[in-house]
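Spelled out, the chains give:
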Amino acid sequence: MSSTNSSSVELLTSLLRDTLRVLINDNRIFIGTFVGTDKAMNILLVNTDEFRLGPDENPNGRFVGQVLIPWEFVQKVEVQAVRDSGEQLGAETGAESPYM
């Protein structure tokens, strides 16, 4: 395994059990506990809440439990958790959103 692959695996491993906030391209946000990815880099979250962005949407969201989010729909990923050291960890992809 190359050092780039190794560091990518280490980063993903360090995010396990952290709370992620995932924005997808249809303006939904999923907030849940990161438990892994598959070979295609789809994101698996558990204990997940779904929020739809927009003026006519329920601001409280809804509980959806376990979700597998296809990587091709992901616009942005943020880590919600802060480590004990107080260091904010994060991985981000895609364009900025006014909702993040």
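All figures in this text were calculated on a predicted structure; none of them were measured in a lab.

Asks: Can you walk me through the pattern of salt bridges in this structure?
Replies: Working definition: two side chains of opposite charge can pair if their charged atoms are close together. Under the definition given, this model contains five salt bridges. In this structure, the salt-bridge partner of Glu50 is Arg62, at a minimum N-O distance of 2.5 Å. Placement of the pair is Glu50 in strand E3 (residues 43–52) and Arg62 in strand E4 (residues 62–69), with a sequence separation of twelve residues. A relative accessible area of 3% places Glu50 in the buried class. Where Lys76 meets Glu78, a salt bridge forms, and the shortest distance between an N and an O atom there is 3.6 Å. Its relative accessible area of 18% is what places Glu78 among the buried residues. One salt-bridge network, held together by shared partners, links Asp26, Arg28, Glu50, Arg52 and Arg62.

Asks: What should I look at first to understand the side chain of Asn42 in this one?
Replies: Residue position: Asn42 is located in the loop between strand E2 (28–37) and E3. Polar side-chain contacts of Asn42 include one of 2.9 Å to the backbone nitrogen of Trp71. If we ignore the near neighbours within four places in the chain, the residues touching Asn42 are Gly36, Thr37, Leu68, Ile69, Pro70 and Trp71.

Asks: Would you explain the pairing of E3 in this entry?
Replies: Across a regular strand the side chains alternate sides, sitting on one face of the sheet and then on the other. Across eight bridges, E2 lies against E3 in antiparallel orientation. Bridge pairing in E3 places Gly36 opposite Leu44. Hairpin connection of E2 to E3: five residues between the antiparallel strands, including Met41 at a positive phi of 70°. Where E3 meets E4, six bridges bridge the pair, whose relative direction is antiparallel.

Asks: Which parts of the structure should I look at to understand the nonpolar core?
Replies: Among soluble globular proteins, nonpolar side chains are generally buried collectively. Leu20, Val22, Ile43, Leu45 and Ile69 are the most contacted members of the largest nonpolar core, which totals 13 residues. Secondary-structure elements contributing two or more residues to this core are strand E1 (19–24), E2, E3, E4 and strand E5 (74–79). Here Ile43 is in contact with Val22, Phe34, Gly36, Val67, Leu68, Ile69, Trp71, Val74 and Val77, once residues within four sequence places are set aside.

Asks: Please explain the environment of Val79 as it appears in this structure.
Replies: In this structure, Val79 sits in strand E5. Accessibility expressed as a relative area gives 6% for Val79, which makes it buried. Along the chain, Val79 and Thr33 lie 46 residues apart, while their C-alpha atoms are 9.8 Å from each other.

Reading guide: rules and limits
- Residues numbered from 1 in each chain as written.
- Predicted model: local features only at pLDDT ≥ 70, side-chain atom pairs only at ≥ 80, totals over all residues.
- Heavy atoms only, no water.
- Salt bridge = Lys/Arg side-chain N within 4 Å of Asp/Glu carboxyl O.
- Helix = DSSP H or I, 4+ residues; strand = E, 2+ residues; numbered from the N terminus.
- Buried < 20%, exposed > 50% of the residue type's maximum accessible area, 1.4 Å probe, protein only.
- Polar contact = N/O pair within 3.5 Å; in protein donor to acceptor, adjacent residues only side chain to side chain.
- Contact = heavy atoms within 4.5 Å.
- Pairing = 2+ DSSP bridges.
- Core = buried A, V, L, I, M, F, W, Y, C linked by side-chain atoms within 4.5 Å.

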